[in-house]
Amino acid sequence: MRRRSPVTPSSDQMEKGSNRPQHSRICVLGLLCAFFWGVLLYFHFVVIGGRTFQVNSISFDSRTPDSVPVIRPNPPLDIPEIRDLDIAQPRNPQLEPVIEQKSDNSVTDHLENPQPESVIEQKSGNSVTDQLTEPVTEQEYGNLDDPKEFRFIKALRTVENKSDPCGGRYVYVHDLPPRFNEDMLKQCRSLSKWTNMCKFTTNAGLGPPLENTEGVFSDNGWYATNQFAVDVIFSNRMKQYECLTDDSSLAAAIFVPFYAGFDIARYLWGYNISMRDAASLDLVDWLQKRPEWGIMGGKDHFLVAGRITWDFRRLSEEETDWGNKLLFLPAAKNMSMLVVESSPWNANDFAIPYPTYFHPSKDSEVFAWQDRMMNLDRKWLFCFAGAPRPDNPKSIRGQIIDQCKNSNAGKLLECDLGESKCHSPSSIMQMFQSSVFCLQPQGDSYTRRSAFDSMLAGCIPVFFHPGSAYTQYTWHLPKNYTKYSVFIPEDDLRKRNISIEERLSQIPPDQVKMMREEVINLIPRLIYADPRSKLDSHKDAFDVSVQAIIDKVTRLRKDMIEGRTNDDFIEELSWKYALLGEGEYVGVHEWDPFFSKPKPNDGNSDSDGSAAEAAKNSWKNEQREHS
């Protein structure tokens, strides 16, 4: 039997047999790969995309390395860097803007027009890099550490335009309802219980012109100005400011033309606290609804009150307590209030000069007055115009009056009740012009108008308390008070009974001459020019004050951009900060005993309560003067 030879399988058959297990492995790998990519795509578009970005397709030719801003933790920013950028980098990486998708555009299209609460919507028609030309802005004032652009960047950048003389100096003025200002002037008879303020609100707040029958004044620019008229003088002066703007985004500061001093003057006597507070509460409610408030929460706002700060710092809700609570309102604490006397223990008020009788309309009038004061023959070594304060055991006025009476070198103008030459601008200025030194003790509060009248006359002021000038008018007077004044501590008279004549006689004549020249050179920055005109080469008290506010707001804005905070600031020591030199820190100061806040009823030093009582006394004295 013939045997069948074995048959060898062909190569094709062998491949078919061996492919069966290999094909199964490939199928499994494919399924795993598809599952992996499905999970990856789900995580990318649903999990990540749902929390942060919904991404549309971005063409590669539209991207640049710097197209999308990078969030970095707290980068150290400075103003030169900010000026070179059109958008500031966010500073808090934990807070990210939520971007909503509306149309087929690139991611950074969302940065063009921000919406409230950090919701940024997409628009169409622009490339990625086009979106960085406009800053991301805050629509509402909130946490300034949010990763958003600040709305005041545009105002900061105006200083870069060298062809714009107003760059960095623009002021926006709120258009307040007339109940906050002009309506008060229409009811001028109600502005003071004892003084008819109607005549003092004429001539843009300067009052009636003064006659120059005795030749004490110069020919032009002299008015019977009321010492509490700064509200209207400053507001009218602001109307002539050369850098006003209707665009609040350009403003270096925002002015609130509220006549705060006139408002409280109407209701200090015989009205309950609801009436005293009404206009202040109404004002802050109106301001907080304005879009300008949201730029910095009011920290770029300022207003003026021609009264001492204690009229606006009522300590309680007792009907018998003094004044209103304007400066204690949370919104008002953000604003800067310019008053004729500030608090040494608070940071939201700043002292500006009392108005004098001189309001020049031309530079030539200032020059002529300065030359005249420089060449006067002054026959009295020192003088004092004022009345004693027998009800105040801490007052040194009694000792001053006694020394003036007993000295052949001193001149006294007693301000007794009833008719007195103290109420005559001509008599007061004539005595100041005839004296080398003018004694300026505390009035009913720290300060008095007489200090500015005396310096206007070229008379060197002698102060007895640092709160009468040195810690008050830091914008307008030199930090080195020895250049223009003499300081004799109150205790030198109260406890040691030193001789004022002897102390002043010891000052060398050359030093006296230098001090007088300094005082006369200070005159332009201590007076308010006629609001209906503008000085060309001089900066008056208004100019100095506005520039100081602009500088303050600008520093604050730069601090906010760079993430700097003032956590170490001690408000109760506010009076010390303005006295600091470059690189100096708050510490022990020789004037600490003058400003230490005592415990209630210890009677050892000044306090808010005693200052408020002084404010009340000043009104009582006004009552007596006009009775």
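Here we summarise the structure given alongside this text. Please read all numbers here as calculations on a predicted model, not as lab measurements.

Regarding the overall build of the protein
Moving on, step 1. When helices and strands are counted, the protein shows 21 helices and twelve strands.
Moving on, step 2. In the protein, which comprises 627 residues, the share counted as buried stands at 51%.
Moving on, step 3. Carbon and sulfur atoms make up 51% of the accessible area of the protein, which totals about 31,400 Å².

Comments concerning the pattern of salt bridges
Moving on, step 1. Counted by the stated rule, this structure contains 28 salt bridges.
Moving on, step 2. For Asp-444, the salt bridge identified is with Arg-389, shortest N-O distance 2.8 Å. Of the two residues, Asp-444 is situated in the loop between β10 (435-440) and α14 (450-456) and Arg-389 in the loop between β8 (380-386) and α12 (397-405); the sequence distance between them amounts to 55 residues.
Moving on, step 3. Since its relative accessible area comes to 19%, Arg-389 is described here as buried.
Moving on, step 4. Across the pair Lys-576 and Asp-592 runs a salt bridge, and its minimum N-O distance is 2.9 Å. Pair noted here: Lys-576 is in helix α19 (residues 574-577) and Asp-592 is in helix α20 (residues 592-595), with a separation of 16 residues, a long-range link.
Moving on, step 5. Judged by its relative accessible area of 7%, Lys-576 falls in the buried class.
Moving on, step 6. What makes Asp-592 partly exposed here is its relative accessible area of 22%.
Moving on, step 7. When salt bridges that share partners are traced, they join Arg-237, Lys-534, Asp-540 and Asp-543 into one network.

Let's talk about the sheet that holds strand β3 (residues 171-173)
Moving on, step 1. Ordered by their spatial adjacency, five strands build an open sheet running β3-β4-β5-β6-β7, and the pairing between neighbours is parallel. The strands lining the two open edges of the sheet, one partner per strand, are β3 and β7 (349-351). Taken pair by pair, the neighbouring strands of this sheet meet at an average axis angle of 35°, ignoring direction.
Moving on, step 2. Bridging between β3 and strand β4 (residues 253-255) involves three bridges; their strand directions are parallel. The partner of Val-173 across the bridge, within β4, is Phe-255.
Moving on, step 3. Across the sheet, helix α18 (residues 541-561) touches β3, β4, β5 (301-308), β6 (336-341) and β7, and the angle it forms with β6 is around 140°.

Comments concerning the packing of aromatic side chains
Moving on, step 1. This model, assessed by the stated rule, comprises 30 aromatic pairs.
Moving on, step 2. Residues Phe-463 and Tyr-470 carry aromatic rings whose centres are separated by 5.5 Å and whose planes lie at 80° to one another, so their mutual orientation is edge-to-face. Across the pair, exposure class does not vary: Phe-463 and Tyr-470 are buried alike.
Moving on, step 3. With centroids separated by 6.0 Å and ring planes inclined at 70°, the aromatic side chains of Phe-487 and Trp-591 adopt a geometry described as edge-to-face. Here Phe-487 is found in strand β12 (residues 486-487), whereas its partner Trp-591 is found in the loop between α19 and α20, with 104 residues between them in sequence.
Moving on, step 4. Given a relative accessible area of 16%, Phe-487 falls into the buried group.
Moving on, step 5. A relative accessible area of 4% means that Trp-591 is categorised as buried.
Moving on, step 6. One aromatic cluster is present, formed by Phe-463, Tyr-470, Tyr-481, Tyr-484, Phe-487, Trp-591 and Phe-594 through successive ring pairs.
Moving on, step 7. Over the ring of Tyr-357 we find Arg-449; its NZ or CZ atom is 4.1 Å from the centre of that ring.

Brief notes about the state of the cysteines
Moving on, step 1. Scanning all chains against the criterion turns up three disulfides.
Moving on, step 2. Across the disulfide from Cys-188 sits Cys-198; the S-S distance is 1.9 Å. Classification of the bridge connecting Cys-188 and Cys-198 rests on its S-S torsion, roughly 90°, and on that basis the disulfide is right-handed. Here Cys-198 lies in the loop between α4 (182-186) and α5 (202-205) and Cys-188 lies in the loop between α4 and α5, a separation of ten residues in the sequence.

A word on the side chain of Gln-370
Moving on, step 1. Mapped onto the elements of the fold, Gln-370 is located in helix α11 (residues 363-374).
Moving on, step 2. A distance of 2.9 Å separates the side chain of Gln-370 from the backbone oxygen of Ile-520, its partner in a polar contact.
Moving on, step 3. Once residues lying within four places of it in the same chain are set aside, the contact partners of Gln-370 are Ile-520, Asn-521, Pro-524 and His-538.

Observations regarding the nonpolar core
Moving on, step 1. Within the largest apolar cluster, 122 residues are counted, with the highest numbers of intra-cluster contacts made by Phe-234, Phe-258, Phe-437, Leu-439 and Leu-504.
Moving on, step 2. Ranked by residue count, the leading element in this core is α18, at ten residues.
Moving on, step 3. Not counting chain neighbours up to four residues away, the residues in contact with Phe-437 comprise Leu-381, Phe-382, Cys-383, Cys-459, Ile-460, Val-462, Val-486, Leu-504, Ile-507 and Val-512.
Moving on, step 4. Formed by 22 residues, the second largest nonpolar core is a distinct cluster that contains Tyr-357, Cys-422, Met-429 and Cys-459.

Reading the values: the criteria
- Residues numbered from 1 in each chain as written.
- Predicted model: local features only at pLDDT ≥ 70, side-chain atom pairs only at ≥ 80, totals over all residues.
- Heavy atoms only, no water.
- Helix = DSSP H or I, 4+ residues; strand = E, 2+ residues; numbered from the N terminus.
- Buried < 20%, exposed > 50% of the residue type's maximum accessible area, 1.4 Å probe, protein only.
- Areas by Shrake-Rupley, 256 points an atom, 1.4 Å probe, with all protein chains shown as cover.
- Salt bridge = Lys/Arg side-chain N within 4 Å of Asp/Glu carboxyl O.
- Pairing = 2+ DSSP bridges.
- Axes fitted to C-alpha atoms, helices over the stretch in contact; angles between N-to-C directions.
- Contact = heavy atoms within 4.5 Å.
- Phe/Tyr/Trp six-rings, centres within 6.5 Å; stacked < 30°, edge-to-face > 60°.
- Lys NZ or Arg CZ within 6 Å of the ring centre and 35° of its normal.
- Disulfide = S-S within 2.5 Å.
- Polar contact = N/O pair within 3.5 Å; in protein donor to acceptor, adjacent residues only side chain to side chain.
- Core = buried A, V, L, I, M, F, W, Y, C linked by side-chain atoms within 4.5 Å.

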